[in-house]
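Survey of secondary and tertiary structure
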Number of protein chains: 2
Amino acid sequence: MDDRDLLQVVSGIIGKERTSDDCCMIKLGDENIILSTDMLHESTDFPKGMTDWQIGWMSAAVTLSDIASCGAVPLAVLLAAGLDEPERISGITLGAKDCCERFGAELAGGDIDFHSELTIVTTGIGRVEDEYYKSRRGAKPGDIICVTGTPGCAGAALEGALRYWKNLVEPLPAVREGRLLAVAGVSSMMDVSDGIALSLYDLSESSGVGFEIFPDKIPLSSGVSAELALHSGGDFGLLFTCGRDILPVLDVDYAEIGVVTDSGEVLCDGVPVEKRGYSHSWIDGS
Amino acid sequence: MDDRDLLQVVSGIIGKERTSDDCCMIKLGDENIILSTDMLHESTDFPKGMTDWQIGWMSAAVTLSDIASCGAVPLAVLLAAGLDEPERISGITLGAKDCCERFGAELAGGDIDFHSELTIVTTGIGRVEDEYYKSRRGAKPGDIICVTGTPGCAGAALEGALRYWKNLVEPLPAVREGRLLAVAGVSSMMDVSDGIALSLYDLSESSGVGFEIFPDKIPLSSGVSAELALHSGGDFGLLFTCGRDILPVLDVDYAEIGVVTDSGEVLCDGVPVEKRGYSHSWIDGS
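These figures come from a predicted structure and were not determined experimentally.

We now examine unusual backbone geometry. One can expect most non-glycine residues to show negative phi and most peptide bonds to be in trans. All names here are of chain A. Backbone torsion omega between L247 and P248 reads -5 degrees, so that peptide bond is classified as cis. Structurally, the position occupied by P248 is in the loop between β9 (238-242) and β10 (254-261). Look at D251: it is not a glycine, yet its phi comes out positive at around 65 degrees. Mapped onto the elements of the fold, D251 is located in the loop between β9 and β10. Assessed through its relative accessible area of 63%, D251 is described here as exposed.

Moving on: the sheet that holds strand β12 (residues 271-272) of chain A. Residue and element names in this part refer to chain A. Strand order in the open sheet formed by seven strands is β7-β9-β6-β10-β8-β11-β12, with mixed pairing between adjacent strands. On the outer flanks of this sheet lie β7 (188-191) and β12, each paired with one strand and no other. As paired strands, β7 and β9 are joined by four bridges and run antiparallel to one another. Among the inter-strand pairings, M189 is bridged to a residue of β9, identified as F240. Lying on the sheet, helix α7 (residues 175-184) is in contact with β6 (144-148), β7 and β9; it crosses β9 at an angle near 5 degrees. Its contacts with the sheet place helix α8 (residues 196-207) against β6, β7, β8 (210-213), β9, β10, β11 (266-268) and β12, and it is angled at close to 145 degrees to β7.

Right, let's get into the interface of chain A and chain B. Counting residues at the interface gives 60 residues for chain A and 60 residues for chain B. Together, the buried faces of chain A and chain B total about 5,100 Å²; carbon and sulfur atoms form 75% of this surface. Applying the counting criterion to the chain A and chain B interface returns zero salt bridges. At the junction of chain A with chain B, the criterion picks out nine residue pairs in polar contact (both at pLDDT 80 or more). Elements with a contribution of two residues or more to the side of chain A that touches chain B: α1 (3-14), β1 (24-28), β2 (31-41), α2 (42-45), β3 (73-83), α4 (88-102), β4 (106-114) and β5 (119-128) of chain A.

Attention shifts here to the packing of α1(A) against helix α4 (residues 88-102) of chain B. Relative orientation of the contacting elements α1(A) and α4(B) amounts to 30 degrees, with a least axis distance of 10 Å. Classified by the angle between their axes, α1(A) and α4(B) sit roughly parallel to one another. The two elements α1(A) and α4(B) meet at a crossing, and its hand is right-handed. Between α1(A) and α4(B), the contacting residues are A:L6, A:V9, A:V10, A:I13 and A:I14 on the first element and B:I89, B:S90, B:T93, B:L94 and B:K97 on the second. For the contact of α1(A) with α4(B), the per-class residue count stands at seven nonpolar, two polar and one charged.

This part takes up the pattern of salt bridges. Residues and elements named next belong to chain B. By the definition in use, this model includes 30 salt bridges over all chains. Across the pair E31 and R127 runs a salt bridge, and its minimum N-O distance is 2.5 Å. Here the residue E31 occupies a position in strand β2 (residues 31-41), and R127 occupies one in strand β5 (residues 119-128), the gap between them amounting to 96 residues. You can call R127 partly exposed: its relative accessible area is 30%.

Rules behind the numbers
- Residues numbered from 1 in each chain as written.
- Chains lettered and ligands numbered in written order.
- Predicted model: local features only at pLDDT ≥ 70, side-chain atom pairs only at ≥ 80, totals over all residues.
- Heavy atoms only, no water.
- Helix = DSSP H or I, 4+ residues; strand = E, 2+ residues; numbered from the N terminus.
- Buried < 20%, exposed > 50% of the residue type's maximum accessible area, 1.4 Å probe, protein only.
- Pairing = 2+ DSSP bridges.
- Contact = heavy atoms within 4.5 Å.
- Axes fitted to C-alpha atoms, helices over the stretch in contact; angles between N-to-C directions.
- Buried area = accessible area lost by both parts, 1.4 Å probe.
- Salt bridge = Lys/Arg side-chain N within 4 Å of Asp/Glu carboxyl O.
- Polar contact = N/O pair within 3.5 Å; in protein donor to acceptor, adjacent residues only side chain to side chain.
- Parallel < 35°, antiparallel > 145°, perpendicular 65-115°, else oblique.
- Left-handed = near helix turned anticlockwise from the far one by under 90°.
- Nonpolar A, V, L, I, M, F, W, Y, C, P; charged D, E, K, R; others polar.

Below, the structure written as structure tokens:
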């Protein structure tokens, strides 16, 4: 049982439209508010060797990335920290504040608690106009699928490629890119923080489409394999679909990696992609 | 070192105006958005014997109570759960959803993670008009201070008074009361979830005033002492200050328990009130 199975349970209670994206949208007068919340904890989410400042930065970044993937402009982040050692609050708060400020949001408050294991939950809020709001629904057969940045670097760092350590521990949410892509008119968008493969399956399910991916087209940094890009997490690029007519989108570094099909399958060079990536898995009896 | 000490550290980084209330307010066009986040975990926040449904209910209630204390109308709640056993998600989600619906909000999404100890973070969002937004600032010497409901019941349940068990595990946030009091024009407001005494010290610090409390006037349920009302947590009543001219506030069950002074001290029958109540305390070496 992994977190995607659990999501099915929640989805049965609060509705599928509330669980199919990492964000939810709430209408408030003429405004659309985007909300997202993420729980991270030390043993599974923060690689050993991270500083508290980096932990704070990453905690804010994961939520800003979700906000960005909706095409929204981030406004504020709240941070709830369950601390194993009280002294850590200052580094964590500074890191989160610096990340928020870098991407135009405010670290606006939070909660403090004590915990045997460091646990951080960030909640982000953003705003978006009706016409620019993007979700995992909306990919259409005939669209192309693209990714921003060079995925797989964070995964490479986890496997020991130290030159990508900063990609892993000081990730840069694609706030500017998400907004530009939304305004340009992409048909669906999400971040690839669980790896491209799982993200494709999520998009496939939400949009009711399939994908044919050409792995040779995945843009890779030196020493990073397509396998890492597909199946490792921790990168903060965006995956998006669009009609070819809106391209090029200026000032966004993206690459076309495949096409949207009506098959319902996620294929790579004609073979189904393994449904594997970053997922909190539940191990019975542990 | 307790959570109030830690708050000083955070306050030095993100600013005192962002930490002096349980909520923060963000302007968005003509709207004011109220946000609040709360972290709860099993060993310190959920008394033994609670069902998962009650855990979900309480988790939503703590955040709705913070939203209510600002005079805001709640809109939505997000719930991030770190689960020790995956099966618990369904009871917890149902309880949170029922609490949200009871108080006019939507359980709009969340996040799921795994944790050695059950950990839940709820984040609430509400809206409030400029003129009705209430905070801990604004109490003025000459105002009176009042409390809603009958405080101390949750504390009595913790000490074994089983007839108050539901007050403890299925708390009712004062959403309706908070709104009516805000519209009536109270000068400051907060909830008493850490006990009346600590709440008075918080109000005193934020508003720069003192209080003279008449313990005989604290409304008590049968078998509940003024000591419990002052120094135990878990109740969800509201503490508010106001000029006498706005009274009575119709349809709100409140009692006048003292007056606001300019002394800076919190006195009860002329003696300083012990600064003790519900607070997560940090024990060195544990």
